Amino acid sequence: KHFNHHLFVAIKGLRHDGHEFIDELYKKGFRNFLIETSNFNPSHFPKANFLLTNNSLEAFQNIARNHRLKFNIPIIGITGSNGKTIVKEWLSTCLQSHYKICKNPKSYNSQVGVSLSVLGLNSSDEIGVFEAGISQKEEMKKLQKIIQPSFGIFTNIGHAHSENFNSLKEKVEEKMKLFIETKRLVYCKDNKEIHKVVSQKGPSKLISWSKQDISAFLFLKGFSQKTEKSILTVVHNQIEKIFTVPFKDDASIENCLHIICVLISLNISDNEIQQG
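Reading guide: rules and limits
Residues numbered from 1 in each chain as written. Predicted model: local features only at pLDDT ≥ 70, side-chain atom pairs only at ≥ 80, totals over all residues. Heavy atoms only, no water. Helix = DSSP H or I, 4+ residues; strand = E, 2+ residues; numbered from the N terminus. Buried < 20%, exposed > 50% of the residue type's maximum accessible area, 1.4 Å probe, protein only. Contact = heavy atoms within 4.5 Å. Phe/Tyr/Trp six-rings, centres within 6.5 Å; stacked < 30°, edge-to-face > 60°. Pairing = 2+ DSSP bridges. Axes fitted to C-alpha atoms, helices over the stretch in contact; angles between N-to-C directions.

1. Side note on the side chain of histidine 258
Among the structural elements, histidine 258 can be located in helix α8 (residues 250–265). On the accessibility criterion, histidine 258 (0% relative accessible area) is buried. Residues in contact with histidine 258, not counting those within four places in the same chain, are Ile153, Phe154, Thr155, Val186, Tyr187, Cys188 and Trp209.

Spelled out as structure tokens, the structure:
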């Protein structure tokens, strides 16, 4: 079997070098390779095509970015310390009866994972839902160029800053770079670190939820629990709404409130939100 329509991208990582797999893949029938090393001898592979670049990861990201530019559809970008994958999966489930969706497989939210995910966009898709994860500075602006979300969700920031960031504020500001071109951004107003940065650098349309501030887009007025579920009483535009969710832990409630905000702002009816 020949993989004539496949491209193998040989990426050099901290622990692995993709170039080491070329010989094995060539024997299996791969014929197209994107490589970044000038020490590589292509004459051993007479039937293969080699694309030589200075940095194969950057080249791969540029391919993904160029593919993204072909689609003029709403793209929802999700980042935060926790909850990215859950929010992406739950939100996609709630939207699937309205839209044909493209999303990251599993937790493909890294520099390589986001590129692979965005390359999954095709002409039948009506909305994209992509999560983005970073571990150090200067990573998010690369992911922003690939995803280019028009709608954002900032899940949370956790309590400690990572070893690659000098402070919690710096970490929030780095993650905010995903949303430099978004029109709307969902976040929890009660998270002071996020609220401060979002207020300064966020888009004009802020969709906040809060347990404390009645002026938020969504105010959590009441909260009660039964055996296997929680009943949320929320207020939006001075109208009280009640949603029952099959979770009791704080993290899941937080994830659900992010999603309710998104669905309300997309004009999904209360009944359909509850079904989702």
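Okay, back to it.
2. Quick word on the environment of glutamine 200
Within the fold, glutamine 200 resides in helix α7 (residues 192–201). When its relative accessible area of 55% is taken as the criterion, glutamine 200 is described as exposed. Residues glutamine 200 and isoleucine 273, spaced 73 residues apart in sequence, show a C-alpha to C-alpha distance of 31 Å.

3. Overview of the packing of aromatic side chains
The geometry of two aromatic rings is summed up by the distance between their centres and the angle between their planes. A complete count under the given rule lists 9 aromatic pairs for this structure. Judged by centre distance (4.4 Å) and plane angle (15°), the ring pair of phenylalanine 3 and phenylalanine 30 falls under stacked. Within this pair, whereas phenylalanine 3 is found in the segment before β1 (8–9), its partner phenylalanine 30 is found in the loop between α1 (22–28) and β2 (32–35), the two being separated by 27 residues in sequence. Judged by relative accessible area, phenylalanine 3 falls into the buried class, the value being 18%. Aromatic side chains phenylalanine 33 and phenylalanine 50 sit 5.3 Å apart centroid to centroid with 20° between the ring planes, which places their arrangement in the stacked category.

4. Looking at the sheet that holds strand β10 (residues 218–225)
Each strand in a sheet pairs with another by means of backbone hydrogen bonds, the pair being arranged parallel or else antiparallel. Strand order in the open sheet formed by 9 strands is β5-β6-β4-β7-β8-β9-β10-β11-β12, and the pairing between neighbours is mixed. The sheet is open, and its two borders are formed by β5 (101–103) and β12 (239–245), each paired with just one other strand. Neighbouring strand axes in the sheet, compared pairwise and without regard to direction, differ in orientation by 20° on average. Here helix α3 (residues 84–95) sits on the sheet in contact with β4 (75–79), β5, β6 (127–131) and β7 (151–154), set at roughly 165° to β6.

5. What about the sheet that holds β1?
As summarised here, the arrangement of the 3 strands in space is β1-β2-β3, forming an open sheet in which the pairing is parallel. With one partner strand each, in any of the chains shown, β1 and β3 (49–52) form the two edges of the open sheet. In terms of strand pairing, β1 meets β2 through 2 bridges, oriented parallel. Looking at the pairing, valine 9 lines up with leucine 34 of β2. Those strands touched by helix α2 (residues 56–68) are β1 and β2, and its axis lies near 120° from that of β2.

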